[in-house]
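A look at the structure
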Amino acid sequence: MFINTKELFYILDNTPASQNIMLIGKHGIGKSRILEEYYAQKGQKVVTLFLGQMSDPGDLIGLPEKNLESGKTDFMLPYWFPSDGKPIVLFLDELNRARPELLQTIMDLALNRKLAGKELPQGSRIISAVNAGNEYQLTELDPALVSRFNIYNFQPSVEDWLDWAQKALIDSRIIDFIKENPQYLDSNQSEIEDLERSPDRRSWERTSQVIEKIKELGQVQQALVSGIIGDKATGAFFNFLQKNKLPGPKEILLGDVKSIEEKLSKENFANINLISSSLFDFIENTNFSDQENIKITENLRAYFKLLEKLDLREIQASFVSKFSAKNYPKTLNLISKYSGDFYKELLDFIDQE
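Let me begin by describing the structure that accompanies this report. (Residues numbered from 1 in each chain as written. Predicted model: local features only at pLDDT ≥ 70, side-chain atom pairs only at ≥ 80, totals over all residues. Heavy atoms only, no water.)

Now for the sheet that holds strand β2 (residues 20–24). An order of β1-β10-β2-β9-β6-β3 is seen for the 6 strands of this open sheet, with the pairing classed as parallel. Looking along the sheet, the strands with just one partner apiece sit at the ends: β1 (2–3) and β3 (45–50). Bridge count for β3 against strand β6 (residues 88–93) is 6 bridges, and the pairing is parallel. Opposite Val46, over in β6, you have Val89 as the bridge partner. (Pairing = 2+ DSSP bridges. Helix = DSSP H or I, 4+ residues; strand = E, 2+ residues; numbered from the N terminus.)

For helix α16 (residues 329–338), the full list of buried residues reads Thr331, Leu334 and Ile335. Here the buried residues of α16 occupy an arc of 95 degrees about the axis, which is enough to place them on one side. What points out from α16, more than 90 degrees from its buried face, is the exposed set Asn333 and Lys337. (Buried < 20%, exposed > 50% of the residue type's maximum accessible area, 1.4 Å probe, protein only. Arc of directions from axis to C-beta.)

So, about the side chain of Thr234. Tracing the sequence through the fold places Thr234 in helix α10 (residues 231–243). Within the local environment of Thr234, its side chain forms a polar contact with the backbone nitrogen of Ser226, the two atoms lying 3.5 Å apart. The contact partners of Thr234, leaving out residues within four places of it in the chain, are Gln222, Val225, Ser226 and Ile229. (Polar contact = N/O pair within 3.5 Å; in protein donor to acceptor, adjacent residues only side chain to side chain. Contact = heavy atoms within 4.5 Å.)

Taken as a whole and judged by the stated rule, the model has 17 aromatic pairs. On the basis of an interplanar angle of 75 degrees and a centroid distance of 5.2 Å, the ring pair of Tyr38 and Tyr39 is categorised as edge-to-face. In this structure Tyr39 comes out as buried when scored by relative accessible area, which is 3%. Where Phe237 meets Phe238, the ring centres are 5.7 Å apart and the plane angle is 85 degrees; that geometry is what we call edge-to-face. In this structure Phe237 comes out as buried when scored by relative accessible area, which is 0%. Looking at Phe238, the relative accessible area reads 9%, which means it is buried. Here the aromatic residues Phe280, Tyr303, Phe304, Phe319, Tyr328, Phe342 and Phe349 are joined through ring pairs into a cluster of three or more. The ring of Trp164 is capped by Arg33, whose NZ or CZ atom sits 4.1 Å from the centre of that ring. (Phe/Tyr/Trp six-rings, centres within 6.5 Å; stacked < 30°, edge-to-face > 60°. Lys NZ or Arg CZ within 6 Å of the ring centre and 35° of its normal.)

Attention now moves to the pattern of salt bridges. Under the criterion given, the structure shown has 9 salt bridges. Here Asp171 makes a salt bridge to Arg173, at a shortest N to O gap of 2.9 Å. Residue classification places Asp171 among the buried positions, given a relative accessible area of 8%. One salt bridge in this structure joins Glu345 and Arg301, with 2.3 Å as the shortest N-O distance. One end of the pair, Glu345, is in helix α17 (residues 340–352); the other, Arg301, is in helix α14 (residues 290–309), and 44 residues separate them in sequence. Overall, Arg301 belongs to the partly exposed group, its relative accessible area being 27%. When salt bridges with common partners are traced through the structure, they connect Arg301, Lys305 and Glu345 into a single cluster. (Salt bridge = Lys/Arg side-chain N within 4 Å of Asp/Glu carboxyl O.)

Residues other than glycine seldom take positive phi values, yet Leu169 does so here, at roughly 60 degrees. Looking at the element boundaries, Leu169 is found in the loop between α6 (158–167) and α7 (172–180). We note that Asp311 has phi near 60 degrees; this positive angle belongs to a residue other than glycine.

Another aspect to go through is the nonpolar core. Within the largest apolar cluster, 28 residues are counted, with the highest numbers of intra-cluster contacts made by Leu264, Leu300, Tyr303, Leu307 and Phe319. Listing elements by their share of this core, those giving two or more residues are α11 (249–253), α13 (269–284), α14, α15 (313–324), α16 and α17. Setting aside residues no more than four positions away along its own chain, Leu300 makes contact with Leu253, Leu279, Phe280, Ile283, Phe319, Thr331, Ile335 and Phe342. Counting 27 residues, the second largest nonpolar core, distinct from the first, contains Val47, Leu51, Ile61 and Val130. (Core = buried A, V, L, I, M, F, W, Y, C linked by side-chain atoms within 4.5 Å.)

Function-wise, these values are silent; they only describe arrangement.
Structure representation (structure tokens):
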């Protein structure tokens, strides 16, 4: 059974801190980010240790030093060990990629909450994550260690990611693409050979960072993106962008309506109807200054006239029906306030139908 992000949060809230949790899942699905953001809201610190990158137990437990009073060997506490006495969430990532000698130290942590004889603060929680699949170089885990954890197969849903992506301001072109092509959010790793890139949630975030300031994506950008999400996903993404290259509401309402005439003349009914709806949605969900409201009203009227010029009366009728159905009260109020003539034109159009 797989759990999503919402179910994970319920498990975290209802599992005593004394019980350890193990999450099984692919790399790149955002396990550490999800945990850090979740516990940050609760005011708890998450310490993430990537065990697969540690080459020696000293990286985990600290270096040995001689205690001058007792003459015995102590261990200097590692940088991450809490010194303020406050409980932490210790996230042991890549547990099954750790060296066997490291796993012996983890056993003491999981069982006794101790590290080289030093106890974690009361209330500290231990969460581990392991990768599952033949494509990874993994260390076999001792059954005695595994038995110390409650184990869950974690697979955040596409909806989980889309919710996060909206809040994180991921490029809207990527969000729209994943909505229609959810199969490209996470790769089928078994299909990947050698060093070929494939998409995952981390790589889509990196893609957003490199394209967010580029309005028009072309061949040069396609080569750039292919190194982040792979050729197959890049091809699908750029084909999607080309197919959905419709004028945006901001471009129409606050720009020059005449500039979209040629583009509009080549679009089909469904796409132009989508453009009309996007204009109203944009107005309903955005606040503008008086000067912008005047510009928007003028451009909305110019857009309506353009539909008439292109002999798109059926789309004009669809445009007007959105007002008569009163689904867009803010837009209707804006027109009546800033352009009485346009408001009358719309009413006359309704009477003629």
